[in-house]
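Fold and contact review
Here is what each chain is made of, one letter per residue.
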Amino acid sequence: MKKYKHEAIEAKWQKKWDESKQYEVNLADAPRPFYNLMMFPYPSAEGLHVGNVFAFVGSDIQGRFHRMNGYDVFEPIGFDAFGIHSENFALKVGTHPSKLVPENIKNFRENQLKRAGNMYDWTHEVDTTSPEYYRWTQWIFIQLYKAGLAYRATAPVNWCPSCKTVLAAEQVVSGECERCSTVVTKKDMAQWFFKTTAFAQKLLDNLEIIDWSEKTKVAQRNWIGRSEGAQVTFKLDGHDEGFEIFTTRPDTLFGVTYMVFAPEHPLLKKIVTEDNQQKFKAYRKRVATMSEVERQAEGLEKTGVFTGGYAINPVNDERVPIWVSDYVLMGYGTGAIMAVPAHDQRDFEFATKFGLEIRAVISPDGRVHPLEEAYTGKGVMINSGSFDGLDSTEGIRKVTQWLAEKDLARFQVNFRLRDWCISRQRYWGPPIPIIYCDKCGTQPVPDNELPVRLPDIEDYQPDGSGDSPLKRVSEFFYTTCPTCNGPAKRETDVSDNFLCSAWYFYRYPSTNFNDRAFEAALTKKWLPVDLYVGGNEHAVLHLLYSRFLCMALNQIGLIDFEEPFNKFVAHGIITKDGGKMSKSKGNVVNPDDFIKRYGADAFRVYLMFMGDYLEGGDFRDEGVPAMRGFLDRVWSHVTGDDLDEDEPDDSETLYWLHYTTRTVTNDIKRFSYNTALARLMELLNHISRASVKNRVVNETFVKLLAPFAPYISEELWERLGHDTSVYDESWPKYREEHTTRKTIEYVVQFNGKVRAKLPIDVGLSQEEIETVVMANERVKTLMEGKEIVKKIFVPNKLVNLVVK
RNA sequence: GCCGAAGUGGCGGAAUUGGUAGACGCGCUAGGUUCAGGGUCUAGUGGGUGUAUGCCUGUGCGAGUUCGAGUCUCGCCUUCGGCACCA
């Protein structure tokens, strides 16, 4: 018996898989398609992160498992290589990204991904930076533009001074840049947006019908932020026109004692009176220079100024002062609110500070109480004219209806979700395919001129001017109008990297088609994706954008489904020493070292055994050699002496075999890989201790191990005398009657405490079991001087005697 | 502040519907093999008690429901994640 040598075995099977095209799928003819997708990596110079390996292996196990269950599994991989990350790294090391990226991709593909042992179909690889790919990224942009789902607007957008570009709302995490944690500021700029808000309700509703990790859905629900209420019209005192506010609590309209406008609100031009102009302008200027973070740091203390203007409350024609404060945001609702200090904590703080009236109109019990803070709960309406005594929940509806009849209000739903700002003032991305002509206006680049190639330039440093470095390239910037042939200018911004990744899974099956983004028949056959595995950090980024784009493509009529991923599973996070891995801490796990030393299989098995796949776990270096030990034991057992060719008949072996098959099957289905491996270890412990040398047992074991450890499984399968792949075998079946033992160790409890254990044959009646239990010596001793009050019988588990 | 998830030995972690808490692995202890080291195999391993196949105790804390609670209910504490002046 030779020792298990992983280097030779892994090299051998990589070669064999390549040569036999084992993982290539006939996409057009596959009878049972299963699209197994994993989030494609960004090919960094540091190499594949252990978190990527963890994610991919967990996904690959599903691919291999489905394959053995008769599916035609398509498991592609690619590279998400555009974006600031690549560009910044290139700037740092002084090598052009167009040179760096292919090197990194090669390293990822040849030295890392292939070794990890996933069943990728390399004939459908995607690289978002190749013109053959980004041509279609641009084409998609144009389709959205033509459908009215992409528009250009000047708006206060999020600007990262460090990245020197604007960001989408989703890329700002509590006021800081998602990538570099720099405090983001607001800047008025003309930007391209995708109308994600057009699908806000659908993005929310469809969460009910897709099979996604609950935590991902929750994050999306929070982000979409639907709230129901009313849009109410207030008149401006002394003006003809009025303005609208949004409120979720129209039942508190009688408690309005002032109004607040966001400092940027355009109507303030008319509202602010002459003698209040100066302090208003000073206030607005101060707010404009502050970042979101600074505003929130000062947020405990409310600030604001009086405008001098008044509004008329539509419910009681009262004249209420209009104030300006930065606690009202221009980007949500109408940018103006009605303030009800008695029932809103923010309004309460503001009113307290500026000495404004606080008038209670909702009471938990119908009586008036002095308020220490705002009462935000429900209750009975008071001080509310004819609505007095009404339940506030009903009041919301009734007050809105009453005002609606007078055309002063309407029911309204608001979302926090914003349109997706996709312009980036950077170099390393797909240029936005738009041409501006003074005569003909904004023109999409005609299809036959795609791709708009990213010019190869030496100086691609962002300058922070608010323009992309491409604007400095006159051959690029100056062009001709596709309509009138006159002089025109190109859009110089590139698109957000998240646009590249929002559609890559449509491209995988269609990589052989150069005349279309995705081939209709293949798309119909393979999409939506059957299973998508990835990190939850993309819950409101990549995953939200992908869902939006799918709905957009569906509306345009390019695809016939609304949701791109039928099932999404969010895997956990791997930590080291309980915390995040980072270069500064020097605790980054390098997969290559472990794969080299202990083998890819041991590394895979350890990653999956470490903890719950959906929860993640803490990586310990000692874990990998421990799993190598397990594989060594597997090796020596399976490659051992001559095998018994008969069906196994020993009842204990039958039990272990069928019980393990059942639990491993179910555990893989629910991504419980750590327990599946534990069961395999138990089976191995049994068969090696009991020296079970049986073909059926060994072959079943290898098949059950195969999704986790592909190289050793193929090798062992071959050594068991087969000349075909173990992945062409079908998944083992179990027989229910063998999954439990013939004799069960019953627990006898007295008053719920375990007092005895005795073996009892399966299949006895309750009376027979009781007889056996009562005849037991130990039970008899315990029963002395006691009386049975109650007997509880749990089949195949326990007997509990309640005695006194 | 709101929403969500979690808290179990020295450690990573198990425990479908309430039914033997600690599976499996690491580490540790003892022993076999070995000149030794390493490797490997066998046994043991929550705490307390000590003649025990015994008894007591034990799943963040405090109550409760139940014959029986890691699991269910109520009230706290802690950690992590999401949202956050969103009207």
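Keep in mind that this is a model prediction, so the values were computed, not measured.

1. Here's the deal with the overall build of chain A
From N to C terminus, chain A includes 26 helices and 34 strands. Here the C-alpha coordinates of chain A stretch approximately 100 × 85 × 50 Å along the principal axes. Out of the 804 residues in chain A, the part that is buried amounts to 55%. Partitioning the contacts of chain A with sequence separation of at least 6, the portion at a separation of at least 24 is 71%. Looking at chain A as shown, the accessible area adds up to about 35,200 Å², and 49% of this sits on carbon and sulfur atoms. Each charge class in chain A was averaged separately, 99 positive and 112 negative side chains, and the resulting centres sit 2 Å apart.

2. What about the packing of aromatic side chains?
Counted according to the given criterion, the structure contains 63 aromatic pairs. Each ring, one from Phe498 and one from Tyr545, has its centre 5.6 Å from the other, and the planes form 55°; the classification is tilted. With Phe498 in helix α14 (residues 497-501) and Tyr545 in helix α17 (residues 542-556), this residue pair connects regions lying 47 residues apart in the sequence. Between Tyr655 and Tyr659, the aromatic rings sit 5.3 Å apart at their centres with planes inclined by 20°, giving stacked as the arrangement. Residue Tyr655 and its partner Tyr659 are located together in helix α21 (residues 651-669), separated by 4 residues, close to a single helical turn. Side by side, Tyr655 and Tyr659 carry an identical accessibility label, which is buried. Three or more aromatic residues joined by ring pairs make a cluster, and in this case those are Phe40, Trp212, Tyr504, Phe505, Tyr506, Tyr508, Phe518, Tyr532, Phe561, Phe565 and Phe568. The residue whose ring lies beneath Lys406 is Trp402, and the NZ or CZ to ring-centre distance is 4.1 Å.

3. Some remarks on the sheet that holds strand β23 (residues 441-444)
As summarised here, the arrangement of the 4 strands in space is β23-β22-β25-β24, forming an open sheet in which the pairing is antiparallel. The sheet is open, and its two borders are formed by β23 and β24 (478-480), each paired with just one other strand. Adjacent strand axes in the sheet meet at a mean angle of 40°, parallel and antiparallel pairs treated alike.

4. Looking at the pairing of strand β12 (residues 242-247)
Where strand β11 (residues 227-236) meets β12, 6 bridges bridge the pair, whose relative direction is antiparallel. Bridge pairing links Gln231 to Phe246 in β12. Counting the residues that bridge the hairpin from β11 to β12 gives 5 residues, and of these Gly238 lies at a positive phi of roughly 85°.

5. Here we look at the protein's contact with RNA strand B
The full set close to RNA strand B counts 52 residues, and Thr248, Lys302, Arg346, Glu682 and Asn800 are the nearest of them. Counting only the atoms of RNA strand B that lie within 4 Å of the protein, the sugar and phosphate share comes to 60%. Note that a base oxygen of RNA strand B is positioned 2.3 Å from one of the side-chain N or O atoms of Asn800. Here the element with the most residues in the surface near RNA strand B is helix α22 (residues 673-689); it accounts for 8 residues. Split into classes, the residues belonging to the surface near RNA strand B amount to 20 nonpolar, 13 polar and 19 charged.

6. Things to note about the packing of helix α18 (residues 591-598) against helix α19 (residues 600-609)
Here α18 crosses α19 at 120°, and the two axes come no closer than 6 Å. It follows that α18 is oblique to α19 by the angle criterion. Residues Pro591, Phe594, Ile595 and Tyr598 of α18 pack against Ala600, Ala602 and Phe603 of α19.

7. A look at the pairing of β11
Looking down a regular strand, the side chains alternate between one sheet face and the other. Most of β11 is tucked away, with 7 of its 10 residues classed as buried. Bridge count between β11 and strand β19 (residues 409-414): 6 bridges; the pairing is antiparallel. By the bridge assignment for β19, Ala230 is matched with Phe411. Note: β11 against strand β14 (residues 305-312), 2 bridges, orientation antiparallel. Each residue of the ladder has a partner; that of Lys235, found in β14, is Ile312.

8. Considerations on α21
Side chains three or four residues apart in an α-helix point the same way, a direct result of the helix having 3.6 residues per turn. The terminal C-alpha atoms of α21 lie 27 Å apart, and with 19 residues this matches the ideal 27 Å at 1.5 Å per residue to within 8%. Across the 19 residues that make up α21, a large majority, 14, are buried. Looking one or two residues past α21, Phe671 carries a phi angle of roughly 60°, positive in sign.

9. Quick look at the environment of Leu558
Residue placement: Leu558 occurs in the loop between α17 and β28 (567-571). The exposure class of Leu558 is partly exposed, given its relative accessible area of 32%. In this structure the C-alpha to C-alpha distance between Leu558 and Phe518, which are 40 residues apart in sequence, comes to 9.3 Å. Look past the residues within four positions of Leu558 in its chain and what remains in contact with it is Trp139, Gln143, Phe518 and Leu553.

10. Section: the confidence of the model for chain A
Where the model shows low pLDDT, its predicted coordinates should not be examined in detail. When pLDDT is averaged along chain A, the result is 91, and 99% of the positions lie at 70 or above. The element-level mean pLDDT for chain A is lowest in helix α10 (residues 292-297), coming to 69, with helix α15 (residues 504-507) highest at 98. As scored by the predictor, the complex reaches a pTM of 0.93 and an ipTM of 0.93.

11. Here's the deal with the side chain of His542
When you line up the elements, His542 lands in helix α17. A residue is classified by how much of its surface remains accessible, and His542, at 4% relative accessible area, is buried. Excluding residues that lie within four positions of it along the chain, His542 makes contacts with Met39, Phe498, Ser501, Tyr504 and Tyr532.

12. A look at the nonpolar core
Judged by nonpolar contacts, the single largest core of 173 residues is most densely connected at Leu144, Trp420, Tyr506, Phe619 and Phe630. For Leu144, the residues in contact, after removing those within four places along its chain, are Leu149, Ala150, Phe194, Phe548, Leu549, Ala552, Leu553 and Ile556.

13. Some details on helix α4 (residues 97-116)
Largest kink in α4: about 35°, centred on Arg109. Every buried residue of α4 is listed here: Pro97, Leu100, Val101, Asn104, Ile105, Phe108, Gln112, Leu113 and Ala116. In the stretch just after α4, Gly117 is the one whose phi turns positive, near 85°.

14. Describing a negative patch on the surface
A cluster of acidic residues, Asp644, Asp646, Glu647, Asp649 and Asp650, forms a negative patch at the surface. When you line up the elements, Glu647 lands in the loop between α20 (623-638) and α21.

15. Digging into the state of the cysteines
By definition, a disulfide links the sulfur atoms of two cysteines through a covalent bond. Considering all chains together, one arrives at 0 disulfides under this definition. Left without a disulfide partner, Cys440 is nearest to the cysteine sulfur of Cys484, which lies 3.6 Å away.

16. Let's talk about the pattern of salt bridges
Scanning the entire structure with this criterion turns up 49 salt bridges. For Arg67, the salt bridge identified is with Asp728, shortest N-O distance 2.8 Å. Taken together, the positions of Arg67 in helix α2 (residues 50-68) and Asp728 in the loop between α24 (710-719) and β31 (743-750) put the pair 661 residues apart, joining distant regions of the chain. The exposure class assigned to Arg67 is buried, which follows from its relative accessible area of 19%. Its salt-bridge partner being Lys471, residue Asp467 comes within 3.5 Å of it at the nearest N-O pair. Assessed through its relative accessible area of 29%, Asp467 is described here as partly exposed. Overall, Lys471 belongs to the partly exposed group, its relative accessible area being 34%. Linked by salt bridges that have partners in common, Lys12, Lys16, Glu715, Glu718 and Arg719 make up one network.

Reading the values: the criteria
- Residues numbered from 1 in each chain as written.
- Chains lettered and ligands numbered in written order.
- Predicted model: local features only at pLDDT ≥ 70, side-chain atom pairs only at ≥ 80, totals over all residues.
- Heavy atoms only, no water.
- Helix = DSSP H or I, 4+ residues; strand = E, 2+ residues; numbered from the N terminus.
- Buried < 20%, exposed > 50% of the residue type's maximum accessible area, 1.4 Å probe, protein only.
- Contact = heavy atoms within 4.5 Å.
- Areas by Shrake-Rupley, 256 points an atom, 1.4 Å probe, with all protein chains shown as cover.
- Lys, Arg positive; Asp, Glu negative; His and termini not counted.
- Charge placed at Lys NZ, Arg CZ, Asp CG, Glu CD.
- Phe/Tyr/Trp six-rings, centres within 6.5 Å; stacked < 30°, edge-to-face > 60°.
- Lys NZ or Arg CZ within 6 Å of the ring centre and 35° of its normal.
- Pairing = 2+ DSSP bridges.
- Axes fitted to C-alpha atoms, helices over the stretch in contact; angles between N-to-C directions.
- Near = heavy atom within 4 Å.
- Polar contact = N/O pair within 3.5 Å; in protein donor to acceptor, adjacent residues only side chain to side chain.
- Nonpolar A, V, L, I, M, F, W, Y, C, P; charged D, E, K, R; others polar.
- Parallel < 35°, antiparallel > 145°, perpendicular 65-115°, else oblique.
- Expected span 1.5 Å × (residues − 1).
- pLDDT = per-residue confidence, 0-100.
- Core = buried A, V, L, I, M, F, W, Y, C linked by side-chain atoms within 4.5 Å.
- Bend = angle between axes of the 7 residues up to and from the residue.
- Patch = residues over 30% accessible without salt bridge, like charges linked within 9 Å, V, L, I, M, F, W, Y side chains within 5 Å.
- Salt bridge = Lys/Arg side-chain N within 4 Å of Asp/Glu carboxyl O.
- Disulfide = S-S within 2.5 Å.

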